[in-house]
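# Close look at the chain arrangement
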Amino acid sequence: MLSVQENLPVEFSATLLVKCAEIVSRYPVGKQKSALLPILHEVQAEFGWLSTDAMDKIANFLQIKPIEVYEVATFYTMYFLKPQGKYALEVCRTGPCCLVGAEKIMKHIEQRLGVKEGEVSADGLFSWRGVECLAACGYGPVLQIGPEYTFYENLTEDSVDQLIDTLRNKAKEA
């Protein structure tokens, strides 16, 4: 079973530090703040979300103020500010998808996983949330699964059930 832990001290791995240094090297000297978005992605990939401690370490690494990191991380929905499941299901909740059943799909996911929007399932595998347009209005309802952002269209309750079962089996094999 996976375990979601909050408020643990964050230490960047040597591999992560090398990746971050490489990202910073892409930008002119004195413009290291330009590396913020890709570094946020790398840190989130390593820890699954961006804790305040992780964001503080990013600020220190980039030699910028922590608020500068918080401003960016809280603005973009692709950054998770609390623990997520291994598979973060993101369902489009805009008008076109809702017209063809997105709200029904979200209710079904909530019931199937036993967690409300933004919560993590007991096994640590799943979290879900409604998101803004995923740019597939003609194929709704749609969802994407982070962190790889695999995309699924024309959802039904059955196809969502199959997807959840597939992901559970994939996690067991890993």
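Rules behind the numbers
- Along each chain, residues carry numbers from 1 onward, in the same order as the chain's sequence is written.
- pLDDT decides what is reported in this predicted model: residues at 70 or higher carry local features, side-chain atom pairs at 80 or more are listed and counted, and totals for whole chains, interfaces and linings draw on all residues regardless.
- The side-chain figures draw on all heavy atoms in the structure; neither hydrogens nor water molecules are used.
- Should DSSP find at least two bridges between two strands, the strands are regarded as paired.
- For helices the rule is a DSSP run of H or I covering at least 4 residues; for strands it is a run of E covering at least 2, with both sets numbered from the N terminus onward.
- Every angle, taken between N-to-C directions, lies between 0 and 180 degrees, and every axis is a line fitted to C-alpha atoms, over only the stretch in contact when it is a helix.
- Contacts: residue pairs with any heavy atoms within 4.5 Å of one another.
- Where each domain begins and ends is defined by an automated method or by a domain database.
- A helix is expected to span 1.5 Å multiplied by its residue count minus one.
- For the exposure calls, accessible area comes from a 1.4 Å probe over protein chains only, and a residue counts as buried if that area is under 20% of its type's maximum, exposed if over 50%, partly exposed in between.
- The directions considered for the arc run from the helix axis to the C-beta atoms.

### Some thoughts on the sheet that holds strand β1 (residues 87–92)
Taken in spatial order, the 4 strands line up as β2-β1-β3-β4 in an open sheet, and their pairing is mixed. Of all the strands in the sheet, just β2 (126–131) and β4 (150–152) have a single pairing partner and so form its edges. Pairs of neighbouring strands in the sheet enclose a mean axial angle of 25°, with direction left out of account. As judged from the 3 bridges shared by strand β3 (residues 143–146) and β4, these two strands associate in the antiparallel manner. Across the sheet, residue Ile145 finds its bridge partner in β4, namely Thr150. Where helix α7 (residues 157–173) meets the sheet, its contacts fall on β1, β2, β3 and β4, and the angle it forms with β1 comes to roughly 165°.

### Details of the domain arrangement of the chain
By the assigned domains, the chain splits into domain 1 (14–75) and domain 2 (87–173). For domain 1 versus domain 2, the separation of C-alpha centres amounts to 29 Å.

### So, α7
At 3.6 residues per turn, the α-helix brings residues three or four places apart onto the same side. For α7, built from 17 residues, the straight-helix expectation of 24 Å at 1.5 Å per residue is met to within 8% by its first-to-last C-alpha distance of 25 Å. Those residues of α7 that sit buried are Val160, Asp161, Leu163, Ile164, Leu167 and Ala171. Taken down its axis, α7 places every buried residue within 160° of arc, on the same side. Away from its buried face by more than 90 degrees, α7 exposes Asp158, Gln162, Thr166, Lys172 and Glu173.

### Thoughts on the pairing of β1
Burial of β1 is extensive: 6 of the 6 residues sit out of reach of the surface. Here β1 shows two buried faces, one formed by Tyr87, Leu89 and Val91 and the other by Ala88, Glu90 and Cys92. With 6 bridges joining them, β1 and β2 adopt parallel strand pairing. Bridging across to β2, Glu90 finds its partner in Arg129. Bridge analysis of β1 against β3 gives 4 bridges, and the strand direction is antiparallel. The partner of Leu89 across the bridge, within β3, is Ile145.

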